[in-house]
Amino acid sequence: QLNFTLFLKRKTMVHMQLTAAKAALSPYARRWASSNGSRGLSLVGNHKHIDRRTLSAISLPSASAPTHRFPVSTKNNARANNLRWSDYQISAFSSDAATKDDDSTNDTTKDAPAEESDVPKDEMEFQAETRQLLDIVTHSLYTDKEVFLRELVSNASDALEKLRHVQATGTLSGTSTDDTPLEIRITTDEATNTVTIADTGIGMTKDEMVSNLGTIARSGSKAFVKAMQSKEQAESSDDVDPFGQGIIGKFGVGFYSGFMVADKVDVRTKSAGQISRDGDDIEPTDDDAIVWESEGAGKYSISALSSNIRQDRGTSVVLHLKPELDQYSNESTIEAILKKYSNFVGFPIYLNGKLVNTIDAIWLQEPKTVTEDKHSAFYKYISNGYDEPLDTIHFRVDAPLDIKALFYIPSFHSEKYGMGRMEPGVSLYSRKVLIEAKSPHILPDWCRFIKGVVDSEDLPLSISREKPQDTALVGKMRKALTRKILNTLSKMMKKDTTKYKEEFYKEYNFFLKEGVCQDHESQEPLSKLLYFETSKGMSGELTSLNEYISRCPPEQKDIYYLFAPSRELALQSPYMEGFSDSSREVIFLYTAIDDFVMANLKKFEGRNLISADKSEADFSKSDDDKDGKDEDKDADSSSTGNKLTSAEAKEFCTWFSNSLESKVSTCKTTNRLTSSPAVVTDSESGAMRRMMRIVETQDGGTGAMPLPKQTVEINPDHDIIVGIHRLKEADPVLAQVLAEQVMDNCLVAAGLLDDGRSMLPRLNDLMLCVVKSSVDKNEGTQVEEEKSAEEPKAELIMEDGVDTPEESKGYEGIQDAEVTKEDDVKDKK
């Protein structure tokens, strides 16, 4: 609040008090003063600065004070017209605060706040509309109506905890020999449509009923804890039973949740004792049982309990359910709610005589004391599974707050069976009571395969106790828990590599890769847990990124990877030719998520992650390897005699770019290829492109995505490139067709060809040309063979020397026919 000083035109010093005021102030007001004032008023409010004399008329509608009006400067009339009314506390003070008199020509006034001790004030308390407040608590506080049972069971548990404490510490003086066990009993009656929650706890006296049940938002449990803790601090002694850890309630509104499902609530109680007036002990009481009744309409009544109704020590809450909510009188419904929210309450819960909570809260026990059998039973309970956990993570954390956590890694997950995305598997508890089932706030989304519980007594909760309240603190808790999981996996990876690779990583590698893409805070430790196949390993042999780096030659500064559908296709890829030639190891990726991982990771241990299809890939070799490979390459080139010169290669690149202008942006030569004619580089990921097509199709699109122009790198030594270069002048049409096929082959190798059916007409034409050429060649060969077969026969006749004129004439005819046929074959060829 800011003090606004208003000086009035009076000379006399008068001390007066005004109890209420309505002030019209500019929203920019902070302090206003009149230089002519000798008596002032302190006006308290929240307004920003305005200059002097910008206040409009201020009316003080009080019986003890007349209405006053204040002058307003013409300059600020427009601003004054938009003023808002607010309530302020106004008190008069001495004019000693003023430093200038009426005749002063200075428009500014020094700040002179009145001293707080000299200013009389009327302090008042906020009032509340009880019925409206009760209606809000009853109908607007909780998300689900079933939460009423959790709240009432928690209250019963607190009553039992109070009695247990006073019995253990001996503060219940004169305790009777009552040996009634500490327990909670719930009874359902479908005939009368009621449900009763009874406990054998400390109970309540009439005054405590009025104080605890008749006052909304007053927590009797919280007050009891404070009283006990104050007593312990005053005595400065070691308590054999540290108190407060088992108490659940703290807000004082949980009891009223019963009105969500009931149109009438009866509370029957008999007290075991009450805190003495001096606060030293719990005094026993011989009061008879009493009953508190209310319909939740703002009123309640307290009376003696009828002698026909038995009420032993403790409290019984009877809910007369609304007709439309009669399902809560069903035993199976109540049992399901109990197992969901209150299954780990520290006292036995009986439902119609049957024990419900049979599982212990083992996460609160020391990790070393919990047996494998207990872990197995608890895991099967929280996961609704039948398998044994692959690993267990049981620990406690003191910072940023006290946390007790128990996590399990299942032996398998259900997403791989097509059962949809799993929900988070970890629930949040506070003092063994469920706060949020399958909470999405405790662990990052990639940890959803983990099952378990997290319990924190210090975690601030919303008033409905359905969600944690402090988002920043929850974030710190989330980091601590995630760090513990990553450390456990890293330890398994180092100490039990076989189990990690063959059991955990085989089953959950997808989740780790998802974490790399989504959880940037944990990206670095997650990347160290990844394994891949490489070009130097065997099929199925996995290598971590750290192991890959350890095998890199000194001159290699980057990490290379290649995406392919399978290992066989990866090894046959034209992109592997340069790496094989330079003895570079390449990581093989087989799934789309792997490609996303590399795109998001970008670097590992200071080394860039580079795709094998990028032009910046380094293929430099060691001197020995380089000399040997160059000699072999020169020998091959000299033996074939097929190689484009630099000028011819440049000319071919220009022709290739112009011929395929709609598909090629740049064409250049490369030395990365040995057995392939060309490749495209610096293209978008084929896996990512396919993923985008799938997403677009799901969104109602056609999935047709235009392919951008590509950068093509050609091998100037390859026979196909040399042949096309020669054909582009001799047969331009055939050269164009071959160039288009080379381009499509490059797209297929890069995984960028959306539909291979587009090549079919061209392939059919090329096959037709090959078939015709082969047929013509065979026919020519057959003719030559026939000619060779006839020549020996003619020579034989000439050697005999007995040719007749007819024979000579026939022989000449055969020769003429063969020459004519040979000419026809040549023309056809």
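What counts and how
Residues numbered from 1 in each chain as written. Predicted model: local features only at pLDDT ≥ 70, side-chain atom pairs only at ≥ 80, totals over all residues. Heavy atoms only, no water. Helix = DSSP H or I, 4+ residues; strand = E, 2+ residues; numbered from the N terminus. Contact = heavy atoms within 4.5 Å. Buried < 20%, exposed > 50% of the residue type's maximum accessible area, 1.4 Å probe, protein only. Pairing = 2+ DSSP bridges. Axes fitted to C-alpha atoms, helices over the stretch in contact; angles between N-to-C directions. Left-handed = near helix turned anticlockwise from the far one by under 90°. Nonpolar A, V, L, I, M, F, W, Y, C, P; charged D, E, K, R; others polar. pLDDT = per-residue confidence, 0-100. Expected span 1.5 Å × (residues − 1). Arc of directions from axis to C-beta. Phe/Tyr/Trp six-rings, centres within 6.5 Å; stacked < 30°, edge-to-face > 60°. Lys NZ or Arg CZ within 6 Å of the ring centre and 35° of its normal. Core = buried A, V, L, I, M, F, W, Y, C linked by side-chain atoms within 4.5 Å. Lys, Arg positive; Asp, Glu negative; His and termini not counted. Salt bridge = Lys/Arg side-chain N within 4 Å of Asp/Glu carboxyl O. Polar contact = N/O pair within 3.5 Å; in protein donor to acceptor, adjacent residues only side chain to side chain.

1. Overview of the overall build of the chain
Each helix and strand in the chain was counted, giving 21 helices and 28 strands. Within the chain, contacts between residues at least 6 apart in sequence are counted, and of these 72% link residues at least 24 apart.

2. Description of the pairing of strand 20 (residues 531-534)
Of the two faces of strand 20, both are covered, the one formed by Y531 and E533 as well as the one formed by F532 and T534. As judged from the 2 bridges shared by strand 20 and strand 23 (residues 586-589), these two strands associate in the antiparallel manner. Counterpart to E533 in the pairing with strand 23 is F588.

3. Let's talk about the packing of helix 18 (residues 719-730) against helix 19 (residues 732-750)
The contact between helix 18 and helix 19 brings their axes to 7 Å, and the two run at 145 degrees. As helix 18 runs across helix 19, the sense of the crossing is left-handed. From helix 18, I720, I724, L727, K728, E729 and A730 reach across to helix 19, where they touch P732, L734, A735, L738, A739 and V742. Of the residues belonging to the contact of helix 18 with helix 19, the class tally is 10 nonpolar, no polar and 2 charged.

4. Overview of the confidence of the model for the chain
Taken over all residues, the pLDDT of the chain has a mean of 76, while the share at 70 or more is 67%. Every residue in residues 1-112 scores below 50 in pLDDT, and together they form 216 contacts with partners more than four places removed in sequence or on other chains.

5. Considering the sheet that holds strand 27 (residues 678-681)
Strands sit in the order 26-28-27 across an open sheet of 3 strands; the sheet is mixed. Strands at the two margins of the open sheet, each flanked by one partner only, are strand 26 (664-669) and strand 27. Put simply, the sheet's adjacent strands are angled 25 degrees from each other on average, direction ignored. Pairing of strand 26 with strand 28 (residues 710-714), which is carried by 5 bridges, proceeds in the parallel orientation. Pairing of T666 across the sheet is with T711, part of strand 28. Across the sheet, helix 16 (residues 646-659) is in contact with strand 26 and strand 28; its angle to strand 26 comes to roughly 165 degrees.

6. Describing helix 18
Here helix 18 spans 16 Å end to end across 12 residues, near enough to the 16 Å set by a 1.5 Å rise per residue. By the burial criterion, the buried members of helix 18 are I721, V722, I724, H725 and K728. Each buried residue of helix 18 sits inside an arc of 165 degrees when the element is viewed along its axis, so together they form one side. Exposed side of helix 18, more than 90 degrees from the buried face: R726 and A730 are the residues found there. Here the buried face of helix 18 lies against helix 16, strand 28 and helix 19.

7. Examining the side chain of T543
Within the element layout of this structure, T543 appears in strand 21 (residues 543-544). Under the relative-accessibility criterion, T543 is labelled buried at 5%.

8. Observations concerning the packing of aromatic side chains
Taken as a whole and judged by the stated rule, the model has 27 aromatic pairs. Following the ring pairs from residue to residue traces out a cluster consisting of F449, Y500, F504, Y505, Y508, F510, F511 and Y531. One residue, R185, lies across the ring of Y350, its end atom 4.3 Å from the ring centre.

9. Comments concerning the nonpolar core
By size, the foremost hydrophobic cluster in this structure holds 97 residues, and its most contacted members are F407, V454, L481, F504, L512 and F656. For this core, the element with the most residues is helix 8 (residues 471-495), which contributes 9 residues. In terms of nonpolar packing, the next biggest core, distinct from the first, is built from 62 residues, W292, L325, I334 and V453 among them.

10. So, the sheet that holds strand 11 (residues 300-304)
Taking strand neighbours across the sheet as the criterion, the 8 strands line up as 11-10-7-12-6-5-13-14 in an open arrangement whose pairing is mixed. Strands at the two margins of the open sheet, each flanked by one partner only, are strand 11 and strand 14 (354-355). With 6 bridges joining them, strand 5 (residues 184-189) and strand 6 (residues 194-199) adopt antiparallel strand pairing. Within the sheet, the bridge partner assigned to I184 lies in strand 6 and is D199. Sheet contacts for helix 6 (residues 331-341): strand 5, strand 13 (349-351) and strand 14; angle to strand 13, the most-contacted strand, approximately 160 degrees.

11. Remarks on unusual backbone geometry
Despite not being glycine, N352 has its phi angle at roughly 50 degrees, a positive value. As for its placement among the helices and strands, N352 is situated in the loop between strand 13 and strand 14. Backbone geometry at E605 places phi at a positive 50 degrees, although glycine is not the residue there. Mapping E605 onto the fold places it in the loop between strand 24 (603-604) and strand 25 (607-611).

12. Some details on helix 19
Here helix 19 contains 19 residues, and its C-alpha end-to-end distance of 27 Å stays within 8% of the 27 Å for a straight helix at 1.5 Å per residue. If you check which residues of helix 19 are buried, you get A735, A739, Q741, V742, M743, D744, C746, L747 and A750.

13. Quick notes on the side chain of D266
Among the structural elements, D266 can be located in strand 7 (residues 262-270). No salt bridge is formed by the buried D266; the nearest opposite charge belongs to K264, separated by 4.1 Å. At 2.9 Å, the side chain of D266 and the side chain of H320 are in polar contact. Every residue in contact with D266, bar those within four places of it in the chain, is listed here: V291, W292, E293, S316, V317, V318 and H320.

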